[in-house]
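A structural walkthrough
Here is what each chain is made of, one letter per residue.
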Amino acid sequence: MNRHHGTIAVVGAYGHTAAFVVGELRRRHRTPLLVGRDAAKLHSAAQAHPGARTRVASLDDPPSLDRALSGAAAVINCAGPFADTAPAVLDAALRAGIPYLDVAAEQAVTLETFERRARQARDAGVVVAPSMAFYGGLGDLLACAAMGDWPDADDITVAIALDSWQPTRGTRETVRRNAGRHLVFTGSRLTPPEGPPRTYSWHFPPPLGVQKVTELSTADQVTISRHLRVPEIRVCINEAPLRDLSDPETPPPTAVDADGRSAQTFLVDVVARRAGALRRATASGHDIYAVTAPIVVEAAARIIDGRVDRIGVAAAGELFDAPDFLRALDPTHLTFTAPAHAQTGRT
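Residue positions are given per chain, counting from 1 as you read along its sequence in written order. Thresholds applied to this predicted model are a pLDDT of at least 70 for local features of residues and 80 or more for the giving and counting of side-chain atom pairs; totals over whole chains, interfaces and linings are not thresholded and use all residues. To get the side-chain values, take all heavy atoms of the structure and skip hydrogens and water.

**So, the packing of aromatic side chains**
- Note on aromatic contacts: the rings of Phe and Tyr and the six-membered ring of Trp form a pair at centre separations within 6.5 Å, being stacked when their planes are under 30 degrees apart, edge-to-face when over 60 apart, and tilted otherwise. Going through the model one piece at a time under the given rule, you end up with four aromatic pairs.
- On the numbers, 5.2 Å between centres and 75° between planes, the contact of F134 with F266 is edge-to-face. Of the two residues, F134 sits in helix 6 (residues 134-147) while F266 sits in strand 13 (residues 265-274), which places them 132 residues apart along the sequence.
- Accessible area is worked out with a 1.4 Å probe on protein chains only. A residue is then buried under 20% of its type maximum, exposed over 50%, and partly exposed in between. Among the residues examined, F134 registers a relative accessible area of 3% and is labelled buried.
- Judged by its relative accessible area of 3%, F266 is buried.
- Taken together through their ring pairs, the aromatic side chains of F134, Y135, W165 and F266 make up a single cluster. Secondary structure elements follow DSSP: runs of H or I of four or more residues count as helices, runs of E of two or more count as strands, with numbering from the N terminus.

**Re the environment of R261**
- Within the secondary structure, R261 is located in the loop between helix 9 (239-246) and strand 13.
- By the convention used here, residues are in contact when the closest approach between their heavy atoms is within 4.5 Å. Beyond its immediate chain neighbours, meaning those up to four positions away, R261 contacts F20, T254, A255, V256, H286, D287 and A290.

**Here we look at the nonpolar core**
- Counting residues in hydrophobic clusters, the biggest one holds 111 residues, and the most contacted among them are M132, F134, L138 and I156.
- By residue number, the principal contributor to this core is helix 10 (residues 288-304), which donates 12 residues.
- When residues no more than four places from it in sequence are discounted, the contact partners of M132 are L101, D102, V103, G137, T292, I295, V296, A299, A316, L319 and F320.
- Within the second largest apolar cluster, nine residues are counted, among which are A159, A161, Y200 and V213. Grouping buried Ala, Val, Leu, Ile, Met, Phe, Trp, Tyr and Cys residues that are joined through side-chain atoms within 4.5 Å yields what is termed a nonpolar core.

**Quick notes on the pairing of strand 13**
- With seven of 10 residues buried, strand 13 lies mostly within the body of the structure.
- Summarising the sheet, strand 7 (residues 155-162) and strand 13 pair through eight bridges and their orientation is antiparallel. Note that in strand 13 the partner of I160 across the bridge is V268.
- The pairing criterion for strands is at least two bridges between them, as found by DSSP. Pairing geometry for strand 13 and strand 14 (residues 277-286), over 10 bridges, is antiparallel.

**Focus: the state of the cysteines**
- Only a pair of cysteine sulfur atoms within 2.5 Å counts as a disulfide in this structure description. Under the counting rule described, the total for this entry stands at zero disulfides.
- C144 takes part in no disulfide bond, and the closest cysteine sulfur, belonging to C236, lies 18 Å away.
- Taking the relative accessible area as the measure of exposure, C144 reaches 16% and is therefore buried.

**A short note on the packing of helix 6 against helix 10**
- Axis definition: a line fit to C-alpha positions, over the contact stretch in the case of helices; interaxial angles, taken between N-to-C directions, run 0 to 180 degrees. Orientation of helix 6 relative to helix 10, taken along the N-to-C sense of each, is 65°, at an axis distance of 10 Å. The interaxial crossing formed by helix 6 with helix 10 has left-handed handedness. For the pair helix 6 and helix 10, the contacting residues are F134, Y135 and L138 in the first and I288, V291, T292 and I295 in the second. The hand of a helix crossing depends on one turn: near helix anticlockwise from the far one by less than a right angle means left-handed, and clockwise means right-handed.

**Structural notes on helix 12 (residues 322-329)**
- Buried within helix 12 we find A322, F325, L326 and L329. On an axial view of helix 12, the arc spanned by its buried residues comes to 95°, and they lie on one face.
- Polar contact criterion, stated in full: a pair of N or O atoms within 3.5 Å, where within protein one must be able to donate a hydrogen and the other to accept it, and residues adjacent in sequence count only if both atoms are side-chain atoms. Residue D321 occupies the N-cap position of helix 12, its side-chain oxygen lying 2.9 Å from the main-chain nitrogen of D324. Relevant arc is that of directions from the helix axis to the C-beta atoms, nothing else.

**Side note on the sheet that holds strand 2 (residues 31-36)**
- In spatial order, the strands read 3-2-1-4-5-6-15; together these seven strands make up an open sheet with parallel pairing. The sheet is open, and its two borders are formed by strand 3 (53-56) and strand 15 (312-313), each paired with just one other strand.
- Bridge count for strand 6 (residues 127-129) against strand 15 is two bridges, and the pairing is parallel. Looking at strand 15, one finds that V127 is bridged to G312.
- Packing of helix 1 (residues 16-27) onto the sheet brings it into contact with strand 1 (7-11), strand 2 and strand 4 (74-77), and relative to strand 1 it is tilted by some 175°.
- Lying on the sheet, helix 3 (residues 62-69) is in contact with strand 1, strand 2, strand 3 and strand 4; it crosses strand 3 at an angle near 170°.

By themselves, these observations are geometric and do not establish any function.
Here it is as C-alpha cells:
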C-alpha cells in the first residue's frame, strides 16, 4: 500500500486532547488527517490547521473507518470513552496494516488490548501501543528509566502530584463509566482492591516536599506490569486534584498560553526499590492533557520511521529506550530528571 509517509490519522480529532495532538503533528511537519463522525466539528477543527484534511467516519460503519484510514501511515485514537472506540478503531488499523496508538487512561481497555489483541497485531505485522499518554505511557517510561540495569525490583511506585485538575468532559465520563472497575497490582497480579484506596505520605522532590497521597488505579499498573519484573506496583496522587475531580462544579481546562495549555502543573515521581536500594526518575511540566500530545506523537514518529524493533502490542518502555525518549521531550514539553539513587519516598 502506497502511503504518504508523514500522514497520521487522528480519530476524535475535535476533542480536547486531540487538538494538542494535531498541533504537535503540524509542529513536526507531519500531515494530520482529521477523522470523526461529526462533519461540522471536523470542519471547525480543520480551520485552525490549514492544510489538514478531514474524513467523516462512524464506529458502527467499518467501511467508513477503512476509507478514513486509507493512505495513513499510522492512526492515533483520541476518541473516548475508549471502551467504546478502541475496538473498532484498532480493528480498522489492523485491516489497514498500520500502527495503532491511543491515549486511553482506562485500565480495562488497556488490559484488554494487551491480552486479546497481541496475536492479531503480530499476525498483521504492526505495532499497537495503547495508553501512550500521561497515564500509562509516561509512568511506564519513567519506571524503565528508574530501573536502569536492574533485572527486577521489589516494588515500583508512581507518585503523581498535580496542583489542580480541571477535568474535560471526556475525563468525567471515563470516571463515571469506570466506577467500581479498578484494579491494583499486588502479588504479581492485577486484582480488585481490598477495601478503599490507602492514603500515606510521600516525599516528593523539592519544592513539593511531603504530601499526603491516595492510591489510584491507572493504566500505569497495566503497562508497567506487562514487561517489568516487579511484584508490587503502586500509583498514588496528592489530594488537591482528587478534590477537583470529585467536585461537579470544577470547570473544564482553560487555556493560559498560546499553545492552549492550562496553568496546571504536574510532577511524576517514580521510585523503584530493590534489596534496600532505591532509584528515582521524575518528570515535571504543565497540563497533563497537553503533554500527552508530544508523548504519543513522538511514539508514532519513531514507529513509522522504523525506529522500533518489534511488532505486536507493546508498552512504551518495551518499544523505546526510555531515557532517550524522555530526553527527546526535554525541555520543550517536560523536564526529565535522570535516574538517581533515591533517599526519600513513601513514609
